Structure formats: C-alpha cells, structure tokens
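Listed here are the chains, written in short residue letters.
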Amino acid sequence: VENGILLPSLRPMLHLLDLHGVKRLDFHNSIMEELRDKLIFQITELGKREGRDRDRKLKELLTKSFPVIKIKALRPVVMCILKHMSHVEDKYLKILVRDRELYEACDTEVKRQIWKDSQALFGDEVSPLLTGYITSKEDTLFNVENLNNLFFSPSPKARRQGEMVQKLVHMIGKNVKLYDMVLQFLRTLFLRTRFIHYCSLRAELLMALHDKEVHDIIAVDPCHKFTWCLDACIREGKVDAKRSRELQGFLDSIRRGQEQVLGDLSMILCDPYAINFLANSVIRLLQHLMNNEAMPRENSVLVLMLRMLALGLHSWDMIESQLFREPKLDPQIVTKFLPALVSLMVDDDVRRFNAKLPLDERESAITIIEHSGPPPDAYQAYLQESSVACILAMYYTLHTATRKDKTALMRVLGTLATCHQDRAFQDTFLHSLVAALIPMADDFSTEDFCTVVFDEFFFTNINRENVMRHVMKLVWYIHPKLPPARLDTLQKVLQPGPHHGEAIQALFEKFQSRVQEFQDIQNQPAPMNEMDSPLMAVPTPAPIQ
C-alpha cells in the first residue's frame, strides 16, 4: 500500500489482475513505461519552444530528475532533458564524463558540450571516422573488380553525401570550436601521413555544412566562398570568365596578416578532385588555344589555373614549413614547357589527320617519322624540376591513353618515370592510367608497347607496394592478350615478398588463380567437330534391296 500507486479507484482492480496472474512488478513497470514515454513527449514539446521560460522549466526538471540518472529505466527522461538544453552546467557534464556508461548514453547534442572542452575525448570519437574515410578512398583506388565506379566518377554533391562526412557534420552541429578541432586534426594528419585524401575531406566537410546552411560555421571560415566557387566549377566541368575573376579575386585579396588562410586554401586546392579538374581543364584549354593558334601566356584563365595548381601542389611544404607565401609560378613553364606540350598535341593531330587521307605509303611514313620522335628537351627537363609541369605531363599522358593513341602514349609514358617527387606513382594517377590502359588490351600483344608500359614506366618503381597492386589490376584484365614470355616475367616480378602486407598477398593469389584458370581453358583440346571425324570418309553402305 505504501509503495503502490496512490489512486483509490485503482485498488479494487488490482485483485482482478491478481486473478489473471499478472504480477504487481509487471503492472507497475508497464505504468512506469507509459508515464515515462508521456513525460519524454512533453519534454520534447517543451524543447521545441523558444524563450527563457523553456530554459527555466528544463533546468528545474533536470535538478529534480538528475539524481535518478543511474536507474536505467528512468535514464531516458534525464537524457531527453539534457538533449534539449542549450547549455548544461559543468557539474552535470563532469558526472557524465566520469561514468563511461552515462557518457555513451548521451545524445550527440550533449556530447558536443562535453567535447568542446575535451579535445582528447573528441579526437577519440572522430578518429574512427577519419580512418573510415581514408579506407573507403583506398578501397575505391585498389578495387580490382571496379571498372565502372572509378575514383573520379562521383560528383562533388554525391561525395559529400558519404557516410563518414555526414557523421562528422552531425557531430560538429553548429559548434565552431568543434569544427576548428576537426580542421586541426586534418592538418596534423595530412602533415604526418601526406595522404591527400585529408585535403578532400577538408573541402567536402565545408561544402556539406554549406549544403545544410550552417551559417554559424560557414560565415567564419575564410575559405568558404573560394571553396564554394571552386566546387561550382568542378560540378559544371569548366571555369568561365566570371568564375575565374571570382577565384582570382579571392587569391588577390589575402592581405598581410591573413597569410595563414593560404595554408587552408592550398589544402583545398591539393584535394585530388581539384587537381584532377584543374589539370584536365588546362589540357582542354591548350587544345582550344592550339586550334585557334593563340598563345598560352595571353590567356588569363590558363595562367590562373596554373597558379592554383602551383598553390595546391605546394600545400604540404607550406604547412610543414609554416611559411605561408604563395609559390611563384616559374614563367618558363608558360614560355617553354607549355609550347613543348602543345607541340606534342600538334603532332597527335597531324598523325590523326594523316590517317584519314588516301593511302600514300611514302608520304605517310615521312609524316609519322616527323611527328613521332622523342618529346622535346624542354618537356623532359621540366618534368623533373617542376610539380606543375609534372602534373600537366601526367594528364596529357592520360589524355592520349583515353583516346587510345598508341603512338602518342609510347612517346611520353616512359618520361613520367623521372617525374618530380615521383608524382606519377601516386595512387590517384595510377588508378586512372590503369583504367585507360585496360581498353587498349589488344595493343599489349606487341612487345614494343609492353616494353614502354612495363619496362620503361611501371618496373622503374615496382618495389613499391601500391605500384604492384595497380600493375596486378592491369594484368588481371589484359593477360589473355600478353605474349607468353611477358606474362611469365610479370608473374615473377609481381610475386610479393614476406615483407609485403596481407592484402597484396591475397590479391596475388587471386591473380594467379585467374591466370591459371585462363591457361587451363586455353590448353584444353578443342572438341572434335563431327564433320572432322575420320568416319565421315567411310562410304555409307547401300541399303539392302
């Protein structure tokens, strides 16, 4: 009676429940759950209101209910109150942090208030998301069976809808301090690992917050308008005159004392999707200038894109040295390297045009010889000295592979082996190159093409695990076309050593099984056609009369 429900009209009904075998505990639990759900609903409704009265009532409720937070059945009520409070006093937060079970039960809205004063705790929560983001990127780059959903295929909008990015956005909410912490984590990790995917996340996170219109954060991020403009260019696949003026305006408006912004801008431009867009745009623009017989140095959009490429490619050096100065673009990139690159494009067009003319063997041979020699000296020299020249040469090479121009590809692929800082052996480029080489499978039946692709390019850095994985993916698809001796060499070269990781060991086993399976099919005797049977030569006996 003392601990029952104080409702006189209920007492006669309890005997009826007893007759039905319903325990008092079950009955009281069901009542408690019903009341708890109604109370949570009322608190949620109160939390939707605005004004001081709401905060006062929530504070009173918290004072009364917090002592029962350790009782699991009642904990959801306390957590609901905490969730709807714009500010939770430190005395409550300290209790939540000390008890792991209570901390885990908190909603993200409450955890944000804990995280803003505990960078280590926030780092522990964010770290698995950052690792998951990098893993998802590497899975795309190294997936042998993926030929359709390539690394650069998704649109900017689709990329920032990814699970890890959205979870980070939810964790940050509207809290500027947490956003700054995430940016600091990204800078530190980029500096420590050199993984350019952290630069992608820097840009995607900002644009995901832009999509959700979190003005508290995007209004204070000095990179917002620049990133927004660049994102629009990547989405549309071009930089028009208006957008180029806007982008140039952002870069030119950085005043003395604001140089640190260059560090963040350089990270956004170091994003492989930004590099891919800028480099492809430069190649397209050079093609346009060549067709119109215009000079590269006179095109302001081209010069701006080279400037942005230079800033992005120097991002790691800038953050590492803490010297936030925009790198000067070597004028000879525009006056010497680009003309050499355009001369290669002219040769490609001449050969393509020649192939369409009526067959004249002598003239055709002269044309091919004149327009298929080694690349100009300026082209090869700048590859080794300049990161901008190196990236443009890489994307020109990709351009030739995409067009299945075997002659052009054989001219330039080998030169990439001496690229500045081994940029041609980065995963994003090798992934795209392999995807472009696979449709050229028929060309691998000739030894001269194999020599250029494997001996002059891939084998120069085959001791690197990532290069081995990309070569395995290439051979995975083209092995039926390879000469037997070349395939045998590749199998020996690609065999991982004991120091290699489990992933590459497993991939090699699958790769060998695939090659062996194909060879077994090839070695099977062809089924005998009944028309080839020796019995066909025996005359059919005449029917008995």
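Description of the structure in this document. Worth saying up front: this structure is predicted, and the values here are computed from it rather than measured.

1. A word on the overall build of the protein chain
Scanning the protein chain from terminus to terminus reveals 29 helices and zero strands. Seen along its three principal axes, the alpha-carbon backbone of the protein chain occupies a region of about 110 × 105 × 45 Å. For the protein chain, restricting intrachain contacts to residue pairs at least 6 apart in sequence, the fraction spanning at least 24 positions comes to 71%. Accessible surface computed for the protein chain: about 29300 Å², of which carbon and sulfur atoms make up 54%. Of the side chains in the protein chain, 67 bear a positive and 71 a negative charge, and the two mean positions are spaced by 9 Å.

2. Comments concerning the nonpolar core
Among the nonpolar cores identified, the biggest contains 168 residues, and Phe-454 and Phe-458 are the most heavily contacted of them. Top contributing element to this core by residue count: helix H17 (residues 272-291), with 12 residues. Those residues in contact with Phe-458 that sit more than four places away from it in its chain are Leu-430, Leu-433, Val-434, Leu-437, Val-453, Val-467, Val-471 and Leu-474.

3. Describing the environment of Leu-205
Along the chain, Leu-205 falls in helix H12 (residues 197-211). For Leu-205, a relative accessible area of 0% translates into the label buried. Not counting residues up to four positions away in its chain, the partners in contact with Leu-205 are Val-165, Leu-168, Val-169, Ile-172, Tyr-179 and Val-182.

4. Concerning the packing of helix H11 (residues 176-193) against helix H16 (residues 261-270)
Where H11 meets H16, the closest approach of the two axes is 12 Å, and the angle between their N-to-C directions is 65°. As far as their axial angle goes, H16 and H11 are roughly perpendicular. For the crossing formed where H11 meets H16, the hand is left-handed. In this structure, H11 contributes Leu-183, Leu-186, Arg-187 and Phe-190 to the contact, and H16 contributes Asp-264, Met-267 and Cys-270. Residues that form the contact of H11 with H16 fall into these classes: five nonpolar, no polar and two charged.

5. Re H12
Given a rise of 1.5 Å per residue, 15 residues ought to cover 21 Å, and the 21 Å separating the end C-alpha atoms of H12 matches this to within 8%. Of all 15 residues making up H12, 14 are buried, and the element is well covered by its neighbours. Phi for Glu-213, located one or two positions after H12, is positive at around 55°.

6. As for helix H22 (residues 377-385)
Buried within H22 are the following residues: Tyr-379, Tyr-382 and Leu-383. Buried residues of H22, seen end-on, are gathered within an arc of 110° and therefore sit on one face of the element. Along H22, exposed side chains directed more than 90 degrees from the buried face belong to Asp-377 and Glu-385. Of the surrounding elements, those touching the buried residues of H22 are helix H20 (331-356), helix H23 (387-402) and helix H24 (406-412).

7. A word on the side chain of Asn-276
Its location among the elements puts Asn-276 in helix H17. When near neighbours in sequence (up to four residues on either side) are disregarded, Asn-276 contacts Phe-152 and Tyr-395.

8. A few points about the pattern of salt bridges
Tallied over the entire structure, the rule returns 32 salt bridges. In this structure, Lys-177 engages Asp-117 in a salt bridge whose closest nitrogen and oxygen atoms are separated by 3.7 Å. Here the residue Lys-177 occupies a position in helix H11, and Asp-117 occupies one in the loop between helix H7 (108-115) and helix H8 (119-142), the gap between them amounting to 60 residues.

9. Overview of the side chain of Thr-108
Examined against the element boundaries, Thr-108 turns out to sit in helix H7. Among all residues touching Thr-108, those that are not within four sequence positions of it are Trp-115, His-170 and Met-171.

10. What to know about the packing of aromatic side chains
Across all of its chains, the model carries 17 aromatic pairs by this definition. A centroid spacing of 6.4 Å and a plane angle of 40° characterise the contact between Phe-454 and Phe-458, whose relative ring orientation is tilted. There is no split in this pair, since Phe-454 and Phe-458 are both buried. Taking the centre distance of 5.0 Å and the plane angle of 65° together, the rings of Phe-457 and Phe-458 count as edge-to-face. In terms of burial, Phe-457 and Phe-458 fall into one category: buried. Through a chain of ring-to-ring contacts, the aromatic side chains of Phe-425, Phe-444, Phe-449, Phe-454, Phe-457, Phe-458 and Phe-459 assemble into a single cluster. Its guanidinium or amino end placed over the ring of Trp-316, Arg-194 lies 3.5 Å from that ring's centre, counting from NZ or CZ. For the cation-ring pair, Arg-469 lies above Phe-142, with the distance from its terminal atom to the ring centre recorded as 4.1 Å.

Each value, and the rule that gives it
Residues numbered from 1 in each chain as written. Predicted model: local features only at pLDDT ≥ 70, side-chain atom pairs only at ≥ 80, totals over all residues. Heavy atoms only, no water. Helix = DSSP H or I, 4+ residues; strand = E, 2+ residues; numbered from the N terminus. Contact = heavy atoms within 4.5 Å. Areas by Shrake-Rupley, 256 points an atom, 1.4 Å probe, with all protein chains shown as cover. Lys, Arg positive; Asp, Glu negative; His and termini not counted. Charge placed at Lys NZ, Arg CZ, Asp CG, Glu CD. Core = buried A, V, L, I, M, F, W, Y, C linked by side-chain atoms within 4.5 Å. Buried < 20%, exposed > 50% of the residue type's maximum accessible area, 1.4 Å probe, protein only. Axes fitted to C-alpha atoms, helices over the stretch in contact; angles between N-to-C directions. Parallel < 35°, antiparallel > 145°, perpendicular 65-115°, else oblique. Left-handed = near helix turned anticlockwise from the far one by under 90°. Nonpolar A, V, L, I, M, F, W, Y, C, P; charged D, E, K, R; others polar. Expected span 1.5 Å × (residues − 1). Arc of directions from axis to C-beta. Salt bridge = Lys/Arg side-chain N within 4 Å of Asp/Glu carboxyl O. Phe/Tyr/Trp six-rings, centres within 6.5 Å; stacked < 30°, edge-to-face > 60°. Lys NZ or Arg CZ within 6 Å of the ring centre and 35° of its normal.

Such coordinate-based values are descriptive only and should not be taken to indicate function.
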